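Remarks on the overall topology
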Amino acid sequence: MKDYLRYGIIGIGKMGHNHAIRINYGLDKNARLLAVCDIDKARRDWAEKNLPKVKCYSDYKELLSSKDIDAVIIATPHYSHPVIAKEALLAGKHVLCEKPAGVYTKAVRELYDTAKDCSNRVFGIMYNQRSNPLYSKAKKIIESGEMGEIKRISWIITNWYRPQAYYDQGGWRGTWEGEGGGVLINQCPHQLDLFQWLAGMPIKVMGYVKTSVKRNINVENDVTFYTEYENGASGVFVTSTHDFPGTNRLEIDGDGGQIVIEQHALSEKMTYYKLKIKETEFNKNNKKFMPRIPYKKKTYKTSTLQNAFALGIIGQHMNIIRNFSKAVMKGEKLIAPGTDGINGLTLSNAVYLSSWLNKEIDLPFDEALFIEQLNKKIAEEKAKQ
Ligand SMILES: NC(=O)c1ccc[n+]([C@@H]2O[C@H](COP(=O)([O-])OP(=O)(O)OC[C@H]3O[C@@H](n4cnc5c(N)ncnc54)[C@H](O)[C@@H]3O)[C@@H](O)[C@H]2O)c1
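So, here's what we can say about the structure.

Attention now moves to the site of the ligand. Close contacts around the ligand come from 22 residues, with Gly-11, Gly-13, Lys-14, Met-15 and Asp-40 the closest. The leading source of residues in the shell around the ligand is helix H1 (residues 14-25), at three residues. The residue makeup of the shell around the ligand, split by class, is nine nonpolar, seven polar and six charged.

Relative to the assigned elements, Lys-278 resides in the loop between strand E13 (267-275) and helix H9 (279-285). A sequence separation of 23 residues divides Lys-278 from Asp-255, and the C-alpha atoms of the two residues are 5.5 Å apart.

This part takes up the nonpolar core. Ile-9 and Ala-138 are the most contacted members of the largest nonpolar core, which has 98 residues in total. With seven residues, the top contributor of residues to this core is helix H12 (residues 341-357). Each of domain 1 (5-129 + 314-338) and domain 2 (130-307 + 343-362) contributes no fewer than three residues to this core. Apart from the residues lying within four places of it in its own chain, the contact partners of Ala-138 are Leu-198, Ile-252, Ile-259, Ile-261 and Met-270.

Turning our attention to the sheet that holds E13. Read across the sheet, nine strands follow the order E14-E13-E12-E11-E7-E10-E9-E8-E15 without closing on themselves; strand pairing throughout is mixed. At either margin of the open sheet sits one strand with a lone partner, and together these are strand E14 (295-301) and strand E15 (361-362). Sheet topology places strand E7 (residues 150-157) next to strand E11 (residues 248-254); seven bridges connect them, and they run antiparallel. Following the sheet pairing, Ser-154 is matched in E11 by Glu-251. Contacting E11, strand E12 (257-264), E13 and E14, helix H6 (residues 133-144) crosses the sheet at an angle of about 15° to E13.

Cut-offs and rules
- Residues numbered from 1 in each chain as written.
- Predicted model: local features only at pLDDT ≥ 70, side-chain atom pairs only at ≥ 80, totals over all residues.
- Near = placed C-beta within 6 Å.
- Helix = DSSP H or I, 4+ residues; strand = E, 2+ residues; numbered from the N terminus.
- Nonpolar A, V, L, I, M, F, W, Y, C, P; charged D, E, K, R; others polar.
- Core = buried A, V, L, I, M, F, W, Y, C linked by C-beta atoms within 7 Å.
- Buried ≥ 20, exposed ≤ 12 C-beta atoms within 10 Å, placed from the backbone.
- Domains from an automatic or database assignment.
- Contact = placed C-beta atoms within 7 Å.
- Pairing = 2+ DSSP bridges.
- Axes fitted to C-alpha atoms, helices over the stretch in contact; angles between N-to-C directions.

So yeah, pure geometry; function would need other evidence.
So this is what it looks like as structure tokens:
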């Protein structure tokens, strides 16, 4: 292998072209962009004009057969992620796949069977928000045991405002057939991943999924779900794309304290209330009716414009790409291993299934039943057209 990783990008639409520009500009010193691929001629014309030294393909299979490429970033629509990732691994490429891992867990599980057989290839997923310093700080605190047993996780993430014009763009977005859902599969995969990254996977899910709220669409844009965990902990997740300005507030309560992460425009902060004595210990000996448990309050911020660009969305994507290159070249631990992708997707599939069947869903759920129900949605959508 050369002293840099030779990348190809499959799908150079909105996200893929950002990755292409940034790698080509040299934002990862271990990476070179050698090839891109898109089925859309207009995107290839853009690449030929703006990435003159980069080879341009119209068929990803041809890109995958090139000996000049070590690794691919997959930035095509969601249904194709597990299909292309599987072929790329089998073609001997290292794979960094955009989120979500896929639309339904069965396809992703099949991809993982392939990934197991290709263990000498690095397989990552673009969960860039894991590199946000506030979420990674929260993860470290929880893993250190300071928070004790988690009792509750609640996330209100309603600042994904999308007007009708967004849905009227057409294409694959905002349809069951093209995208496999709405806010859960498009906007929320990052939060669904962080929800399970920080609090673990639940054993039960109850979902309330509303479609077409104040918008002329077939997919959901307003969701509330409840989760229950093996230790008796619970979770609540609320999201929508029709509130403005909306809220982004994550709260995790543990025996040892509370973590709150809130975002307002470009400003983000985390407050950690570390109890001086764990609540269960305090409760054993306390005789007062309405006591307060002493705590130490710590605040962490990524609040300036400069930080927003360095650590925010642009920085975060590059953090994942740099980490991926180093994982291939130097064995660095992946921030977001590809095989973690199924967890957030399991949550969203279970939430849909719960809402469609109007009942609580135990995990693991019936994957064949999910596909059957999803296909029903696709058929209903087609019948409407
Ligand atoms: N990590 C993030 O923050 C983030 C942000 C936005 C989008 N995404 C993800 O990136 C993916 C793409 O989203 P987007 O907004 O760029 O969509 P997009 O429609 O703008 O781009 C997708 C591109 O893939 C091309 N394409 C489709 N099928 C192809 C194939 N078989 N071979 C080659 N090219 C093909 C399309 O022509 C298009 O140019 C989605 O899965 C989305 O969830 C991630």
